[in-house]
Amino acid sequence: MVVCGKTRRDPSVSGGVCIFTSLYVPSSALPLHTSLQAIAVRIHSTSLITVCCLYLPPNTVIHQHDLNNLVDQLPAPFIILGDFNGHSTLWGSATTNPRGRQIEQMLSDHCLCLLNHEEPTYFHEPTRSFHTIDLAICSPSLLPHLNLSVEKDLYNSDHFPVILSHDSDPGRKTFPPTYSYRRADWALFTQLAVITDAMVKTESVNTAVQEVTNVLIAAADLSIPKVSSHSFQRYKPWWNADCQTAYKNQRKLWGIFRRYPTTENLLAFKKAKANARRVRRRSQRQSWIRYVSSLTSSTSSKQLWKKLRLQTGYIENFPSLFYKPRTLSFLPQSKLPTFWVKLFRVYRVQPLIILVFLKLKGKQNVPR
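So, here's what we can say about the structure. As the structure is a computational prediction, the values presented were derived from the model and not from experiment.

A few points about helix H7 (residues 263–293)
Across its 31 residues, H7 extends 45 Å between first and last C-alpha, which sits within 8% of the 45 Å expected from 1.5 Å per residue. Within H7 the residues assigned to the buried category are Asn265, Leu266, Phe269, Ala272, Ala276, Val279, Ser283, Gln284, Ser287, Trp288 and Tyr291.

Right, dumping it as structure tokens:
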């Protein structure tokens, strides 16, 4: 993951912007010469697209020429995403304020397209009101290919997550169908997977391999059932029925408050939200205690990493133990890999527990 960020220059002004890009998607930072809180990257997905993140503080004077200068620096096609803090009837507000008119002027001057509908993106708790201030603006050539949606849950923020997708985006990661070997009819497979001498006695090795492969796959398709593809979801070992019940109640009361934004409904939602958070934390602590209690001096390294993968969810490129031959090395918490830091923060585990355990396991596994 590559992170590009820009902090505010004036300490009296709130805000700051950043963009996270995947390591699997080619990207590069685009230098911008502007006094605005804005950063941009160029991403190569189906084509080269410029993505700009912009934040306009609500009580700061924004000059029109600064907005025009920013747009002129963005190579087309581009997308501008951010919290503009502007209200306009064009994107669903009841009234239009000066900031909203500035944005309307920018759209008109540069012939840009607004992707927002009238769905609110921000919840103002003091007035219990919903507003649309997070906008997505793009070049005209991108308009037919982009889809904007707004999540229904705040996820402990006052802004709703805004999701922008491309029509060529494959969507969530899925896995191809796989064979269910537990339900396989091996007798039928043996009967069908007949490899003759004529298949292997050919002039081309590639031809022989292909024919044998075709026979095996055809036999497997007829004798071994397949499990349909499914979307990838990170496993949460601490999630249980209590967490599910508390979360459902929180979502239910949030839906009631969105329809009827009264003080009573807001208080009921806050209580449900606090209870759901308390239930999750209790479940996480108990899950971690069960995991630590299951580790003994006889636990092998293979079992250790298997248990840890299950405890923290799926982790790619899982590192090995922190020792060198004939030498034990212990790292401070700030130098530990990301997954250990995650355990410290999520489960509130004292670093000493991990280090003592590594020391015990290290002594057993260090080559002599």
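A short note on the pattern of salt bridges
As enumerated under the stated definition, the model contains four salt bridges in all. In this structure, Lys152 and Glu119 form a salt bridge, with 2.8 Å as the shortest nitrogen-oxygen distance. On the criterion of sequence distance, the pair formed by Lys152 in the loop between strand E11 (146–150) and strand E12 (162–166) and Glu119 in the loop between strand E7 (113–114) and strand E8 (122–124) is long-range, its members being 33 residues apart.

Brief notes about the layout of surface pockets
If you add up the space inside the second largest pocket, you get close to 470 Å³. Surrounding the second largest pocket, 24 residues form its lining, Asp153, Tyr155, Asn156, Gln250 and Lys273 being those nearest its centre. Elements represented by at least two residues in the lining of the second largest pocket include exactly E8, helix H6 (241–259) and H7. When residues in the lining of the second largest pocket are grouped by element, the largest group, seven residues, is from H7. Residue composition of the lining of the second largest pocket, grouped by class: ten nonpolar, six polar and eight charged.

Overview of the sheet that holds strand E3 (residues 27–30)
Across the sheet, six strands lie side by side as E3-E4-E5-E6-E10-E7; this open sheet has mixed pairing. Because the sheet does not close on itself, it has two edges, and the strands there are E3 and E7. By the bridge criterion, two bridges tie E7 to strand E10 (residues 134–138) in an arrangement that is antiparallel. Each bridged residue has a counterpart across the sheet, and for Cys113 the counterpart in E10 is Cys138.

Calculation criteria
- Residues numbered from 1 in each chain as written.
- Predicted model: local features only at pLDDT ≥ 70, side-chain atom pairs only at ≥ 80, totals over all residues.
- Heavy atoms only, no water.
- Helix = DSSP H or I, 4+ residues; strand = E, 2+ residues; numbered from the N terminus.
- Expected span 1.5 Å × (residues − 1).
- Buried < 20%, exposed > 50% of the residue type's maximum accessible area, 1.4 Å probe, protein only.
- Salt bridge = Lys/Arg side-chain N within 4 Å of Asp/Glu carboxyl O.
- 1 Å grid on protein atoms, 1.4 Å probe; cavity = no way out; pocket = protein on both sides within 12 Å on 5 of 7 lines; lining within 4 Å.
- Points joined across faces, edges and corners; volume = space filled by probe spheres on them.
- Nonpolar A, V, L, I, M, F, W, Y, C, P; charged D, E, K, R; others polar.
- Pairing = 2+ DSSP bridges.

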